[in-house]
Amino acid sequence: MNLNFMKAFNENFAIKVFVKLAVFIVTIYCCLSIFFIHNQRKTLTDSLIHKGHLLVGILAHNSRIGVFSENLELLNAPADGVFQQDAVLQVIICNLEGKVLKKLERPGTYWPEKQTTADRKNNRHLFADLKQAGSSVLRENRDTFEFWKPVMTGLHYMQEEALFFRDEYLQRRNRIIGFVGITVDKKILSKQLNDLLFQSILIGTLFLLLSAGVAYLVSRGITRPLNRLTDGVKALGKGSTVDMLPVETDDEIGKLAQAFNAMTQSLQAREVELRKSEERLRVLSSKLLQAQEEERKRLAIELHDELGQDLALLKLRLRSITRKLAEHQAALIKDCQETSRYVDEIIENVRRLSRDLSPSVLKDLGLTAALRWQVENFAKQHSFKISLDVQDIDHLFSEDVQINLYRIFQETLTNIVKHALAKNIFITVEQQNRQIVFVVEDDGKGFDLNGLISRGAADKGMGLATMRERSYMVGGTCDVWSKPDRGTRITLTVPIENTGGSI
Amino acid sequence: MGNAKISFKADFRLNIKRKCESRNTRPRVLFSIIFIILLWALSVEARQEIVAVQSSRIAPYEEALKGFKSVSNAVVSRLVISESGGADVVKELRARRPDIILAIGPDALSLVKRIKDLPVVYLMVLNPHTILSQEENITGVSMHIPIERQLFSLINVLPDIKTIGLLYDPDKTGHLADKARIAAAINGVVLVAGQVHNSGVVPSALMEMKEKIDVFWMLPDTTLITPETIEFMLLFSLEHNIPILAFSEKYVELGALMSIGIDAFDMGAQAGEMAAAILSGIKAHKVAQADARLAVVSINQQIARKAVISVNQKIVHKLNVPINEKIMGTTRIVKRGTINEFKFHEGLQ
């Protein structure tokens, strides 16, 4: 799975672009989210602290009368009002001496910091600080914030006359008459942050999906023309016909498509020229082979009719000379007889040469028998073990095709003799579907096919080229497989129906 | 001023006599002489100096000084104690020896009462008897408005009241409470008076009388009046629909129904007239100390409209000086007027 993904990632530009864009977006989103959450945590904390200061300020203001008169009834409303706030866990109102006048605690709240002697001592320090500061004080615990504020009273009228005047005319002298404190739960921050985080994740997911869609479209927009280019190049490589690619943009990809189209047009023009040239060469080679065959036939006739007749006549004359010689010319008689045997050998060689040049055996026996005869004759001449399995393929091919097949077969065997140094030869001729498959395999030294291909035309020799040309002429294919020290296998496949091709 | 005018008349008669004896003097010379004499007389009057001593420059004192100057032609210079930089004010006054010392406020009066050889007129002092002890060179106007007048005004504004609540510190306003009891009895109203000895018990004392009273009468008592008790009293009034009679307009603006208070300007003018009498040659101890002659009634119209107890709208309409003041975003309309503008003012005297 991972390997497949990595392979797709490495090979597919669209996936690469998509994944990189997605990673980039996720990174940006995560950074923004972290920044946002961090910022929100700070803002919420500040807001909670601000709210705490505000509430304790309101409590201090509203409880002035109650603290002043130490009247619990008057403290109920201010304390309850602040205590109704969700985050407030505890409300404490004390007089100037630190005596608790009113205390409200949210039921079920666990208080790890129960009032101890040390705490009361701390509170005394706190009240001293509050008296000195005159403003609200924040104490942060592990789970809570504590806000404390002195309860201030305004003017203290020293003279009855001052009662008549507006307060702003008088010198203001504030004094502290008590203290109020509230404890705010920090968990509300976590809850708000969790809600915020959930919303953030929800929005982020939607954002990511949207971004993924956009990234997919963008990557597709980039890779679609590239894929078309790739397909075009592949098609060009295979030699297929390639349509002109649409040029949709003026950017680099558009220019690349234009260049590709220009290259395609140029290659197609060259291809046409090459094919024409090949066609011309093929026609030429076909005519050459045809001429060669004609020449062979003529030579065979000449050899058979002219040289053969002359040699027969020479033999008759030698026989006549031998008869005319006297008995005491025994040495001459012996020479004539040996010369006559030698002429017989020449006549036989001429006949064989004539048969090789023009395989009359094809006409006389048919392709199947001609092939068998050729193999048997070949086996007689050379010391090979030959395994022959030939189906009857007579009447499947025209005469010209039969000649070409015969010649290909002949060339194959000649190549084995010349180069293979083989001991065993396996020959099969069978029909597969509508094709006849000729396979000639030897256990010789083989050769490096790639090395042969990379050689120049002049170094290759004509054998294989002629075999392929003849295969093409009969509408078939000639495949060669060989490896050094592992022998050679030549497979000739010729369609039965498509017996066209002319020599 | 009066003294200056008399001098002028005496000199004028002497000159006329001389002119009549000469019989040959031309009218032009006569007019010149008259002009010179007039300038002399004016210069004599201008040399009369009054030094106003005040503890600070607060608005009511400034208003009172304005009222004083409005009726006095003497040169009035000012000596502000808070701005003297610790200098001995009494020593300076003794050095300057003004014709009259005007003491504005209790601090100034407490300071200048040590001067025995110069006439002193005081004003803006609520209870001068707590400061003075039979000094013959001192007279003036107190801020006190007779309790009977206040009660009468209250009854006229709220004709249906039957019971009045009142809290007092016996050490400070016990005498006022006593007077109020008598006045209430005379007017057929029940006075529910409660003693308090410290501010802290004011809320509970007030709560105790919430079922018993129709209106609460606020006395100028520093034991009773603190910012907290004022706030409580106003909330108490609002919650229980018990109107408050106060002694200063500032409480009316905060939510009391009405106040009967002083007019600082008129009080200054009243003191100015006393000073004029002294300058005219009348000894200070012959000029009787007086209470404020003018009482200012202020009524909060909004509270009056909301009051459960019926308010005499005729009186409300007669108050002709509207004061609009924005407090906490709402406009509270307070109307004020002097007691003398009421038809029943004769009854108040």
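A quick note: this is a predicted structure, and the numbers were derived from the prediction, not measured.

Draft legend 1. Summary view of the overall build of chain B. Helix and strand counts for chain B come out as 14 helices and 14 strands. Burial statistics for chain B: of 349 residues in total, 54% are counted as buried. Considering only contacts in chain B between residues 6 or more positions apart, those separated by 24 or more positions represent 67%. Carbon and sulfur atoms form 55% of the exposed surface of chain B, whose accessible area is close to 16100 Å².

Draft legend 2. Focus on the packing of aromatic side chains. Residue and element names in this part refer to chain A. Throughout the structure, instances matching the rule amount to 10 aromatic pairs over all chains. Taken together, a centroid distance of 6.2 Å and an interplanar angle of 50° make the contact between F145 and F147 tilted. F145 sits in the buried class, given a relative accessible area of 2%. Judged by its relative accessible area of 0%, F147 falls in the buried class. An aromatic cluster is defined as three or more aromatic residues linked by ring pairs; in this entry it consists of F127, W148 and F179. Directly above the ring of F83 sits R106, whose terminal nitrogen or CZ lies 4.4 Å from the centroid.

Draft legend 3. Highlighting the interface of chain B and chain A. The interface is formed by 34 residues belonging to chain B together with 22 residues belonging to chain A. Summing both partners gives a buried area of about 2500 Å² for chain B against chain A, and 64% of it is carried by carbon and sulfur. Taken together, the connections running from chain B to chain A amount to one salt bridge. Taking the shortest distance from any N to any O, the salt bridge between R64(A) and E231(B) comes out at 2.1 Å. Those elements that place two or more of their residues in the side of chain B that touches chain A are α3 (59–71), α5 (106–112), β4 (120–125), α8 (202–208), α9 (227–240) and α10 (249–254) of chain B. Among the elements that take part in the side of chain B that touches chain A, α9(B) stands out by supplying six residues, more than any other.

Draft legend 4. Seen up close, the nonpolar core. The biggest cluster of nonpolar side chains holds 93 residues, and the ones touching the most others in it are L102(B), M124(B), F216(B), W217(B), M218(B) and I225(B). Examining the composition of this core, we find that eight residues originate from one element, helix α11 (residues 264–279) of chain B, more than from any other. There are two domains that each give this core at least three residues, and those are domain 2 (48–143 + 266–291) and domain 3 (147–264 + 293–348) of chain B. In contact with L102(B), not counting residues within four places along its chain, are I50(B), V51(B), A52(B), V53(B), L65(B), F68(B), V121(B), L123(B) and A271(B). Core analysis: the next-biggest nonpolar cluster, separate from the first, contains 35 residues, V375(A), I436(A), V474(A) and C478(A) among them.

Draft legend 5. Local environment of the sheet that holds strand β10 (residues 488–495) of chain A. Residues and elements named next belong to chain A. One open sheet holds the five strands; their spatial order is β6-β7-β8-β10-β9, and the pairing between them is mixed. Every other strand in the sheet has two partners, leaving β6 (385–390) and β9 (477–482) as the edge strands with one partner each. Neighbour-to-neighbour, the strand axes of the sheet open up by a mean angle of 10°, direction not taken into account. Here β9 runs beside β10; their pairing, made up of six bridges, is antiparallel. Following the sheet pairing, C478 is matched in β10 by L492. Here helix α11 (residues 399–420) sits on the sheet in contact with β7 (424–432), β8 (435–442) and β10, set at roughly 10° to β8. Along the sheet, helix α14 (residues 463–473) contacts β9 and β10; its crossing angle with β9, the most-contacted strand, is approximately 145°.

Draft legend 6. Quick peek at the pairing of strand β6 (residues 163–168) of chain B. Residues and elements named next belong to chain B. By the criterion of burial, β6 is predominantly enclosed, with six of the six residues buried. The alternating pattern of β6 places T163, G165 and L167 on one face and I164, L166 and Y168 on the opposite face, and all of these are buried. Across six bridges, β6 lies against strand β7 (residues 190–195) in parallel orientation. For T163, the partnering residue across the bridge sits in β7 and is V190. A crossover links β6 with its parallel partner β7, the connecting element being helix α7 (residues 170–187), and its sense is right-handed. Bridging between β6 and strand β8 (residues 215–217) involves three bridges; their strand directions are parallel. In the strand pairing of β8, L166 is matched with W217.

Analysis parameters
- Residues numbered from 1 in each chain as written.
- Chains lettered and ligands numbered in written order.
- Predicted model: local features only at pLDDT ≥ 70, side-chain atom pairs only at ≥ 80, totals over all residues.
- Heavy atoms only, no water.
- Helix = DSSP H or I, 4+ residues; strand = E, 2+ residues; numbered from the N terminus.
- Buried < 20%, exposed > 50% of the residue type's maximum accessible area, 1.4 Å probe, protein only.
- Contact = heavy atoms within 4.5 Å.
- Areas by Shrake-Rupley, 256 points an atom, 1.4 Å probe, with all protein chains shown as cover.
- Phe/Tyr/Trp six-rings, centres within 6.5 Å; stacked < 30°, edge-to-face > 60°.
- Lys NZ or Arg CZ within 6 Å of the ring centre and 35° of its normal.
- Buried area = accessible area lost by both parts, 1.4 Å probe.
- Salt bridge = Lys/Arg side-chain N within 4 Å of Asp/Glu carboxyl O.
- Core = buried A, V, L, I, M, F, W, Y, C linked by side-chain atoms within 4.5 Å.
- Domains from an automatic or database assignment.
- Pairing = 2+ DSSP bridges.
- Axes fitted to C-alpha atoms, helices over the stretch in contact; angles between N-to-C directions.
- Right-handed = clockwise from strand over helix to strand, strands pointing away.

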